[in-house]
Amino acid sequence: MSREIVERLRARLLQGQRSIRNEYEQHGTPTRMLHSRSKLVDGILIELWQVTGMPTDATLVAVGGYGRGELYPCSDVDILVLLGGDADPALSERIQQFIGQLWDLGLDIGHSVRTVEECIEEATRDVTVQTNLLESRRLTGSQALYRHFVTGTTGCFDPESFFHAKRAEQEQRYNRFNHTPYAVEPNCKESPGGLRDLQTIIWIALASGLGTRWSELARHGLITREEVNALRKNERLLQQVRIRLHYIANRREDRLIFDHQEALAKAFGLKATKARRASEVMMQRYYLAAKKITQLNTILLQNLGARYQPLSSWQAHSLNERFQSLGDQLDIVDDALFERHPSAILEAFLLMEQHAELKGMTVRTLRALWHARKLITPAFRRDSTNRGLFLQLLQEPRGQTHEFRRLNQYSILGTYLPNFGRIVGQMQHDLFHAYTVDQHILQVLRNVRRFLMEEHAHEYPLMTRLASEFERPWLLFVAALFHDIAKGRGGDHSTLGMADARRFCREHGLSKEDNQLVVWLVQHHLTMSQIAQKQDLSDPDVIRKFVALVRTERRLAALYILTHADIRGTSPKVWNGWKANLLEALFLASRQLLRGKQPDQVMGISERQEAVRQKLRFFGLRPDSESAFWRELDTLYFLRHDADEIAWHTRMLYYRPRSEEPVVKARPSQVEAGIQVMVYTRDQQDLFVRLCAFFARMGYSIVDAKIHTTSNGYALDSFVVMDPNERDSYRDVIALIEHELSAKLARTDVVDAPSSGRLSRQLKHFPIAPSVSLQPDERGQHYILSIIAADRPGLLFLIARILAAHEVNLHTAKIATLGERAEDTFLVSGPLLGNSAKTVQLEADLLEALKI
């Protein structure tokens, strides 16, 4: 075939796609655009098939989304070359030529070449192949062969098995996306509430002979006319989102990533408001559509499943005069129940908590609940019965995680608590929350609930013990519900949330003591995390001040539980064992002080030294072997290091306290995946800068640093480093670190600055304004330097280099990374820090370096 034909078809395809895009920009109808591109590609494939001289007994079949007649701007074109028998070498070469020319045209082709018998065999084994062939469409070629193919593949379908397979497939897909449509960068095709949820229904309906349109499902009684309209409306929105994403990215892109959200909002003609960006307005619209689709998906799957196991086959068991159970489903006794007894709205969820055998609600119950949300009026919220039922939902011994998610899913929670309704679907552009505000709150509630479950005690044993011993633990659920409820209103959300929590507690009849606890927790839900990650926990004054704030063990335990649950509920990437260790250290030290121990007893220096001696005897060191080395160390060293670290340092250094060569030792971190590194060398200029440069060049992040100078002029520095990309086994690089860093420190040549690296795409679209604060500590001996900046490779090196240039000595470093946001705290000293002009210059230099 001549090159001119391929070029002509390619030009026709490009011109056709430009015309389709221009027309779409004018009419904005997604189905018209999808069918137009499908029809355009049809014509090109058919002509190419014919000019290639494909045999008349073969058939070209469109499958998958293309078979459905829907082609998104950059979607793959899935085809099946159907043969009547095995291909000979000449035919195989011709097919290969045909496929290659499709790629030359600029189409992304997904292709298979099979006989009818091979199709039937694969469809019998693989539900994915079954699904792909289900929506086949003949383009050209033998009609008889295609009829044989349809008859054969249809005959191998077992509708009931197919239903169960697709339902299991959806469950696996939901697991990949953490069962939520509310990720800050959702996938409009694959996430819960995405287009795949709708396609799954159509596939099952098609396999069951129920049609391919929503109106056909309505005629079969599976959905109502109102639900048909809701499906069409929200399907249209998701189709538009996906089409515009493809056009914006100029490739197949189904994720609403930060890079595209503003452009997408502009394409939809959305404008920013005083409180929200245009992208936030657009994303909230998307989340509401995804929420409705998950509701309708649940209803349709239950109705389709009822064809194979009808609810009428189950014997009804009365739960009370308003509700009954049908199998494992909660059912209302009549459709008008909620209109006659509005309090039954909350009672339905309470019964789900009280009856573990119930796994869901019948379709008519779900539909009635959706319509009944309008009955939750101010008068409903003031009713003492309803307030009592809502409290019972929090107080039951089980079920809060699932039922509060269900309350939110059907808009009951946000209607009963209007301020909660305002944060449903609200984005959090802080670069470390992975979910919308409402989903984060429910995730925190789930984490608190998990601490109360014995079967999960192995995950966080101390948390489980504290939660199980906590009197009236449901108060922690109330605090979880309100801790972030005031996000997005402007101002301090902790302070604003206090007012909401106080009002709720007063209206729902909580005692003064319980009211005060909940309000205090909402006010201080960030405090413990900030102290643990930013302040020196070896300083007795830090512990004293925190205990003065907490005042009681009950408050301490409550705040610890809520803080732990809150951090873990932000994102899977934010929580790690290092943060857990810091929180636990602060909790244990504070509890000891509350129990009457003196500050020096809390810090436990003598106890710590005795514990170290026992460890050293275990490793075979003779009594007093440590004495010479320990004489070079001051009290601060023993305060800042735990017994395990001190024992490790001592074993490595007791016999060489005046080593002429740098000593570098590394081992796997005892707390979290990472490496502990100890450096012992004669103190030298810019030592910390050199160490930061070394770790940055290796691609490691420093998460903790303790800098100490011995009385004999040696630097004894300790680090915990992690690989953010988890490329290698940490044990495999320990020898490399020890050898390479020792060699670097033995030379005093110029510092090798690390490369600046690439900024993440999130930071490009949501930059973080850096801030620097330098304040003297209460004793006036040191200064606390707090830095907030966009995290990126080599950040700590930049800071260290500027501190060295200003003759600032570093004593400790607390490195806290929250997603793309670095919040670092340093304890520093220096001769120039008392000079206000020099201090201003230091802050200015830091701010300049931290800009991106």
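Draft legend 1. Layout of the pairing of strand β6 (residues 323-326). Residues Phe323 and Ser325 of β6 are buried on one face, and the alternating residues Gln324 and Leu326, pointing to the opposite face, are buried as well. Inspection of the sheet shows strand β5 (residues 316-318) paired to β6 by three bridges, in the antiparallel sense. Paired with alanine 316 across the strands is leucine 326, a residue of β6. Turn length for the β5-β6 hairpin, with the two strands adjacent in sequence and antiparallel, is four residues. Inspection of the sheet shows β6 paired to strand β7 (residues 329-332) by four bridges, in the antiparallel sense. Opposite serine 325, over in β7, you have leucine 330 as the bridge partner. Counted along the chain from β6 to the antiparallel partner β7, the turn is two residues long, and its residue glycine 327 has a positive phi close to 65°.

Draft legend 2. View of the sheet that holds strand β1 (residues 59-62). An order of β3-β2-β1-β4 is seen for the four strands of this open sheet, with the pairing classed as mixed. The strands lining the two open edges of the sheet, one partner per strand, are β3 (109-115) and β4 (137-141). Pairs of neighbouring strands in the sheet enclose a mean axial angle of 25°, with direction left out of account. Where β1 lies against strand β2 (residues 77-83), four bridges are found, and the strand directions are antiparallel. Within β2, the position partnered with valine 61 by the bridge is leucine 80. Across the sheet, helix α7 (residues 143-155) touches β1, β2 and β4, and the angle it forms with β2 is around 105°.

Draft legend 3. Spotlight on the packing of aromatic side chains. As enumerated under the stated definition, the model contains 24 aromatic pairs in all. Geometrically, the ring pair formed by phenylalanine 390 and tyrosine 416 is stacked, given 4.6 Å between the ring centres and 20° between the ring planes. With phenylalanine 390 in helix α18 (residues 384-395) and tyrosine 416 in helix α20 (residues 412-416), this pair connects stretches of sequence that are 26 residues apart. Judged by its relative accessible area of 1%, phenylalanine 390 is buried. Grouping aromatic residues by their ring pairs yields a cluster made of Phe380, Phe390, Phe404, Tyr416, Phe482 and Phe504. A cation over a ring is seen here: arginine 244 above phenylalanine 268, with NZ or CZ 5.5 Å from the ring centre.

Draft legend 4. Highlighting unusual backbone geometry. Positive phi is not limited to glycine here, since histidine 179 has a value of about 55°. In this structure, histidine 179 sits in the loop between α8 (159-176) and α9 (195-207). With phi around 60°, serine 411 is a residue other than glycine that occupies positive phi space. Within the secondary structure, serine 411 sits in the loop between α19 (400-409) and α20. The exposure class assigned to serine 411 is buried, which follows from its relative accessible area of 16%.

Draft legend 5. Representation of the sheet that holds β6 within the structure. If you trace the four strands from one edge of the open sheet to the other, you get β5-β6-β7-β8, paired in mixed fashion. Strand pairing shows two members of the sheet lacking a second neighbour, β5 and β8 (360-361), which therefore form its edges.

Draft legend 6. Highlighting helix α40 (residues 836-850). Taking 1.5 Å of rise per residue, the 15 residues of α40 would be expected to cover 21 Å, and the 21 Å separating its terminal C-alpha atoms lies within 8% of that figure. Along α40, the positions that sit buried rather than exposed are Thr839, Leu842, Leu846 and Leu850. One side of α40 carries all its buried residues, which in axial view fall inside an arc of 60°. α40 presents Ala837, Val840 and Glu848 as exposed residues on the side facing more than 90 degrees away from its buried surface. Looking at the buried residues of α40, the elements they touch are β13 (771-776), β14 (783-790) and α39 (795-805). If you check the start of α40, you find a side-chain oxygen 2.9 Å away from the backbone N of alanine 837, and it comes from asparagine 835.

Rules used throughout
Residues numbered from 1 in each chain as written. Predicted model: local features only at pLDDT ≥ 70, side-chain atom pairs only at ≥ 80, totals over all residues. Heavy atoms only, no water. Buried < 20%, exposed > 50% of the residue type's maximum accessible area, 1.4 Å probe, protein only. Helix = DSSP H or I, 4+ residues; strand = E, 2+ residues; numbered from the N terminus. Pairing = 2+ DSSP bridges. Axes fitted to C-alpha atoms, helices over the stretch in contact; angles between N-to-C directions. Contact = heavy atoms within 4.5 Å. Phe/Tyr/Trp six-rings, centres within 6.5 Å; stacked < 30°, edge-to-face > 60°. Lys NZ or Arg CZ within 6 Å of the ring centre and 35° of its normal. Expected span 1.5 Å × (residues − 1). Arc of directions from axis to C-beta. Polar contact = N/O pair within 3.5 Å; in protein donor to acceptor, adjacent residues only side chain to side chain.

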